[in-house]
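Structure at a glance
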Amino acid sequence: MSEFLQSDVRQLRRVNLQVGETGFGDPDVPLRTAAVVDVETTGLDPATEKVIELAVRRFRYDPGGHIVEIGRSWCWREDPGMALPEDIVRITGITDQDLIGRRIDDRIAIDVISSADVVIAHNAAFDRPMIERRLTGLPTMQWACSCHEIDWSAAGFEGRSLGWLCAQAGWFYEAHRAEGDVDALIQLLRHERTDGRPLLYELDGSSSRDSFLVEAVGSAFHTKDALRMRGYRWEAKQQVWWREVFDRDLVNEEAWLANEIYAVGKGARTMGPRITRRDAYSRYR
């Protein structure tokens, strides 16, 4: 049997967060509290689908992005009043039998989330509208999206899916379950870049900056595939393709739209996109 050098083998450790102080960071400086959230749902349309599982976990962190203390995990399931699609059962492992008579405790869920300074999700454009539509008493809060507000390429990662990012950082977990996804994201945010700063430090800084909602109003039907490949989402109620970009990417986005969507011969019904400035309170709604 051939022997492998240590550099030829990569070991993955299971994500296993412990409640309490982490031993990292500076607990004697002013700390912020984050609530990491994730949902499992009956489908992929935030406007029509229902939440079947909600997980929340809070942590406190210092100005350097070091997580100082981790709180307990909260997780609820809820009966959507309908049979789950087969693909949802296959992906999540949750069955109709698991949800019979179950319901999210609105009061506790709202209290836990609203006690934080910022809410973090790995895909806030999906999680925020799903959670706010389900928890109608939740106040307007600051949200951060780890998927889009961290420069993963610059940090030495490939892709943006949570499971693959964690694997590259040396961790594995049970994916596509809300509680596991929350813990995995917290573990990933603790990962240090080559400059010694945790990824949370970058997320905390980028989430405080303004962004721009870019809506491809008047785009021709035949350009939908190009928009989708570019990262645009379809908003059925407003009948428009949209995406969120930060200031560093706005000029490039406008140039791409001018060439691919609004150029002569592309069939657009307007001269250009509608652009709206947003902040952490209004972003991803």
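As shown above, the structure is provided for reference.
In short, a report on the structure. Bear in mind that the values here come from a model prediction, so they are computed numbers and not experimental data.

Regarding its fold elements, the protein presents 9 helices and 12 strands. The C-alpha radius of gyration computed for the protein amounts to 20 Å, which stays within 12% of the reference 19 Å derived for 285 residues, consistent with globular compactness. A principal-axis box enclosing the C-alpha atoms of the protein has dimensions of 60 × 55 × 50 Å. Within the protein, the proportion of its 285 residues that are buried is 46%. Here the protein carries 37 positive and 46 negative side-chain charges, and the mean point of each set is 4 Å from the other.

Taking strand neighbours across the sheet as the criterion, the 6 strands line up as β2-β5-β4-β3-β6-β7 in an open arrangement whose pairing is mixed. The strands lining the two open edges of the sheet, one partner per strand, are β2 (20–21) and β7 (143–145). As defined by bridge partners, strand β4 (residues 51–61) adjoins strand β5 (residues 67–77) across 8 bridges and the pair is classed as antiparallel. Within the sheet, the bridge partner assigned to L54 lies in β5 and is W76. Set on the sheet, helix α7 (residues 199–207) makes contact with β3 (32–41), β4, β5, β6 (118–121) and β7; between it and β7 the angle comes to about 125°.

So, about the environment of I91. Within the element layout of this structure, I91 appears in helix α1 (residues 86–92). The spatial distance from the C-alpha of I91 to the C-alpha of L203 is 28 Å, given a sequence separation of 112 residues.

On the basis of which strands lie adjacent, the open sheet formed by 4 strands has the order β10-β11-β9-β12 and antiparallel pairing. The sheet is open, and its two borders are formed by β10 (233–235) and β12 (274–278), each paired with just one other strand. Looking at each pair of strands side by side, their axes are set apart by 30° on average, direction ignored. The sheet contact formed by β10 and strand β11 (residues 240–246) spans 3 bridges and is antiparallel. Residue pairing across strands places E235 opposite V240, the latter belonging to β11. Sitting on the sheet, helix α9 (residues 247–260) touches β9 (211–215), β11 and β12, and the angle it makes with β11 is about 145°.

To continue, consider the pairing of β3. The element β3 is largely enclosed, with a buried count of 9 among its 10 residues. The pairing of β3 with β6 spans 3 bridges and is classified as parallel. Across the sheet, V36 pairs through a bridge with I120, a residue of β6.

To continue, consider the pattern of salt bridges. Counted under the stated rule, the structure contains 21 salt bridges. Across the salt bridge formed by D204 and R32, the nearest N and O atoms sit 3.7 Å from each other. Here R32 lies in strand β3 and D204 lies in helix α7, a separation of 172 residues in the sequence. Using a relative accessible area of 29% as the deciding quantity, one classes R32 as partly exposed. Here E132 makes a salt bridge to R285, at a shortest N to O gap of 3.4 Å. Of the two residues, E132 is situated in helix α4 (residues 124–134) and R285 in the segment after β12; the sequence distance between them amounts to 153 residues. For E132, a relative accessible area of 16% gives the class buried.

Bringing α4 into the picture now. In an α-helix, one turn spans 3.6 residues; hence positions three or four apart end up facing the same way. With 10 of its 11 residues buried, α4 lies for the most part within the structure. Looking at α4, one finds that the buried residues are A124, A125, F126, D127, R128, P129, M130, I131, E132 and R134.

A few words now on the packing of aromatic side chains. Enumeration according to the criterion identifies 5 aromatic pairs in this entry. On the basis of an interplanar angle of 20° and a centroid distance of 6.2 Å, the ring pair of Y232 and W256 is categorised as stacked. Separated by 24 residues along the polypeptide, Y232 in the loop between α8 (224–230) and β10 and W256 in helix α9 bring together distant segments of the chain. Relative to W241, the ring of W234 lies with its centre 5.4 Å away and its plane at 55°, an arrangement referred to as tilted. A relative accessible area of 10% places W241 in the buried class. Stacked on the ring of W171, the Lys or Arg R13 has its end atom at 4.3 Å from the ring centre. The aromatic ring of W74 is capped on one face by R72, whose charged end is 3.6 Å from the ring centroid.

The rules behind each value
Once a new chain begins, its residue numbering starts again from 1 and follows that chain's sequence as written. Given that the model is predicted, a residue must reach a pLDDT of at least 70 before its local features are reported, and side-chain atom pairs must reach 80 or more before they are shown or counted; all residues, however, enter totals for whole chains, interfaces and linings. The basis for every side-chain value is the complete set of heavy atoms in the structure, and neither hydrogens nor water enter the calculation. In DSSP terms, a helix is any run of H or I states spanning at least four residues, a strand is any run of E spanning at least two, and both are numbered starting from the N terminus. The globule rule used for comparison is 2.2 Å times the number of residues to the exponent 0.38, while the radius of gyration itself is calculated over C-alpha atoms. Burial status follows relative accessibility: with a 1.4 Å probe on protein chains alone, a residue under 20% of its type maximum counts as buried, one over 50% as exposed, and anything between as partly exposed. The positive count covers Lys and Arg only, the negative count covers Asp and Glu only, and His and the chain ends enter neither. Think of each charge as sitting on NZ of Lys, CZ of Arg, CG of Asp or CD of Glu. Strand pairing follows a simple DSSP-based rule, namely that at least 2 bridges must link the two strands. The criterion used for residue contact is that any of the two residues' heavy atoms lie within 4.5 Å. Under this scheme, a helix contributes an axis fitted over its contacting stretch, all axes are lines through C-alpha atoms, and angles between N-to-C directions fall in the 0 to 180 degree range. A side-chain nitrogen of Lys or Arg and a carboxyl oxygen of Asp or Glu constitute a salt bridge if their distance falls within 4 Å. Two rings from Phe, Tyr or Trp (for Trp, the six-membered ring) form a pair when their centres are within 6.5 Å of each other. A pair whose planes differ by under 30 degrees is stacked, one over 60 is edge-to-face, and the rest are tilted. Two conditions define a charge located above a ring, namely a distance within 6 Å from the ring centre to NZ of Lys or CZ of Arg, and an angle within 35 degrees of the ring normal.

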